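Breakdown of the fold
This is what each chain is made of:
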Amino acid sequence: MPRRSNTTARVVAVMEFLAGHTGEALGLSELSRELGINKATLLSIISTLLDDGWLLQHPTTRCYSLGPTLIGAGAAALARFPDTGPIRPLMDRFAAEYDVGCVAVAVAEGQLVLLSRSGFGDPLHGLARSGVQMPFAPPFGLALSAWYPPDRFDAWVAAANPPVGSEEMPRLRDGVAAARSRGFVVGLDLPPDHELAQQLRAQRLETAGISAELFVHLGQALRRHGYHLDDIRPAASYRVNHISVPILGPQPGPEIALMVPLYHGEQTGERLIKLGTGLAAVAQEAARAAPPGARRRPLRAGPRQDDTNPR
């Protein structure tokens, strides 16, 4: 794996921090303290970003903000991904109503990419910031792949590392059936004493998020322990990673999934059902918020006998 560039990481840290604090006036001292970068190094980085228009500096307060060069870069990036603008108010409302975070994810270049987020006061922000990527391969991404046509579902399965074996495949099929029956996916977390669980929590607390290498190991561990919760008993408690639902549109298979990250210990089955059904209702609204003229297909709670069922 190529070595990580510390200089580039500092540039990214500056841009991400300012993007996440758009309502605050931040000068060199504040940025240095918040980012843990000494002033001399930070000033060199900021000066370059200012020269090229990536940042602006207020002439009186000397505080920094994002610059106009990002507009063109952002427009180019947005052209490659589904537009989450129409569904953002729905995500904001859901996050406020249920007191949780809510994110929208899509697939790009074989990765699940986080496009938008709402409602986060969660300190575990490293995994929930915009732009975070994780492999689109078992066990990750069932909220999209469970509603894919057979060929796309098979491609998702084939991307698994290591390959999905004959013993694992029935469990995966059970996860698909459960997801399509109730309309949402529940992903389980690792046991709290698992070595990777401790490492994962430490990296979640970092702005840089989770490394690609750790995601690979995490996926393998979750596949061994069992990742998808198929049978939810209201009175039971579960150590849950997330709840997710697809937004079904006119295309053969969803482009966007909504996800509620849950990193706060155990959740009751009753709470999971409430969150899942609430999020599924938001996905139905999001499908209706498609651009005028698009053929809309509402999210269905039950299984369907059509070409979107994986073989």
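Above this text sits the structure in question.
Residues numbered from 1 in each chain as written. Predicted model: local features only at pLDDT ≥ 70, side-chain atom pairs only at ≥ 80, totals over all residues. Heavy atoms only, no water.

1. Quick notes on the packing of helix 1 (residues 6–19) against helix 2 (residues 28–35)
Two measures define how a pair of helices packs: the angle their axes make with one another and the distance between the axes. For the record, the criterion: To get an axis, fit a line to the C-alpha atoms, keeping to the stretch in contact for a helix; angles then go from 0 to 180 degrees between the N-to-C directions. Secondary structure elements are defined from DSSP: runs of H or I of at least 4 residues count as helices, runs of E of at least 2 residues count as strands, and each element is numbered from the N terminus. Just so you know how the angles are binned, under 35 degrees is roughly parallel, over 145 roughly antiparallel, 65 to 115 roughly perpendicular, and the rest oblique. The contact criterion used is simple: two residues touch if any of their non-hydrogen atoms lie within 4.5 Å.
Axis separation between helix 1 and helix 2 bottoms out at 11 Å; the angle between their running directions is 110 degrees. Considering the angle they form, helix 1 stands roughly perpendicular to helix 2. Together, Ala13, Val14, Phe17 and Leu18 of helix 1 and Leu31, Glu34 and Leu35 of helix 2 make up the contact between the two elements.

2. Re the nonpolar core
Note the cut-off: For our purposes a nonpolar core is just a set of buried Ala, Val, Leu, Ile, Met, Phe, Trp, Tyr and Cys residues, chained together by side-chain atoms within 4.5 Å. For every residue, the accessible area (1.4 Å probe, protein chains only) is compared with the maximum for its type, and the residue is labelled buried under 20%, exposed over 50%, or partly exposed between those bounds.
Within the largest apolar cluster, 35 residues are counted, with the highest numbers of intra-cluster contacts made by Val105, Leu112, Phe140, Phe153, Trp156, Val157 and Leu190. At the level of secondary structure, the elements contributing two or more residues to this core comprise strand 3 (102–108), strand 4 (111–118), helix 6 (142–145), helix 7 (150–158), helix 8 (168–182), helix 9 (195–204), helix 10 (212–225) and strand 8 (256–261). When residues in this core are grouped by element, the largest group, five residues, is from helix 10. Leave out the neighbours within four places in its chain, and valine 157 touches Pro138, Val164, Met169 and Leu172.

3. Quick notes on the pairing of strand 4
Stated precisely, the cut-off is as follows: Each pair of strands is called paired provided DSSP finds at least two bridges between the two strands.
The buried fraction of strand 4 amounts to six of the eight residues, a majority that puts the element mostly inside the structure. Where strand 3 meets strand 4, seven bridges bridge the pair, whose relative direction is antiparallel. Counterpart to alanine 108 in the pairing with strand 4 is glutamine 111. Across three bridges, the pairing between strand 4 and strand 5 (residues 133–135) is antiparallel. Following the sheet pairing, leucine 112 is matched in strand 5 by methionine 134.

4. Remarks on the packing of aromatic side chains
Formally: Two aromatic rings, drawn from Phe, Tyr or Trp (for Trp, its six-membered ring), form a pair once their centres lie within 6.5 Å of each other, and the interplanar angle then sorts them: stacked below 30 degrees, edge-to-face above 60, tilted otherwise. As a reminder, the over-ring test applies to NZ of lysine and CZ of arginine, requiring each to be within 6 Å of the ring centre and within 35 degrees of the ring normal.
A full pass over the atoms with the stated rule returns five aromatic pairs. Centroid distance phenylalanine 140 to tyrosine 227: 5.9 Å. Interplanar angle 80 degrees. Geometry classified as edge-to-face. Remark: tyrosine 227 occurs in the loop between helix 10 and strand 7 (237–247) and phenylalanine 140 occurs in the loop between strand 5 and helix 6; sequence separation between them is 87 residues. Neither phenylalanine 140 nor tyrosine 227 differs from the other in exposure class; each is buried. Three or more aromatic residues joined by ring pairs make a cluster, and in this case those are Phe136, Tyr148, Phe153 and Trp156. The residue whose ring lies beneath arginine 152 is tyrosine 148, and the NZ or CZ to ring-centre distance is 3.9 Å. The ring of phenylalanine 184 carries arginine 182 above its face, with NZ or CZ at 5.1 Å from the centroid.

5. Focus: helix 8
Under the convention used in this document: Here the expected length of a helix is defined as 1.5 Å per residue gap, with one fewer gap than residues.
Taking 1.5 Å per residue as the helical rise, helix 8 with its 15 residues ought to reach 21 Å, and the 22 Å between its terminal C-alpha atoms agrees with that figure. At its buried positions, helix 8 is contacted by helix 6, helix 7, strand 6 (185–188) and helix 10.

6. Here we look at the side chain of histidine 242
Rule in force here: Any pair of N or O atoms that falls within 3.5 Å is considered a polar contact. Within protein, one atom must be able to donate a hydrogen and the other to accept it, and sequence-neighbouring residues count only if both atoms are side-chain atoms.
By secondary structure assignment, the location of histidine 242 is in strand 7. Of the polar contacts made by the side chain of histidine 242, one reaches the side chain of tyrosine 227; its length is 3.3 Å. Looking at histidine 242, its side chain comes within polar contact range of the side chain of serine 244, at 3.3 Å. With residues near it in sequence (within four places) discarded, histidine 242 still touches Val185, Val186, Gly187, Tyr227, Met259, Val260, Pro261 and Leu262.

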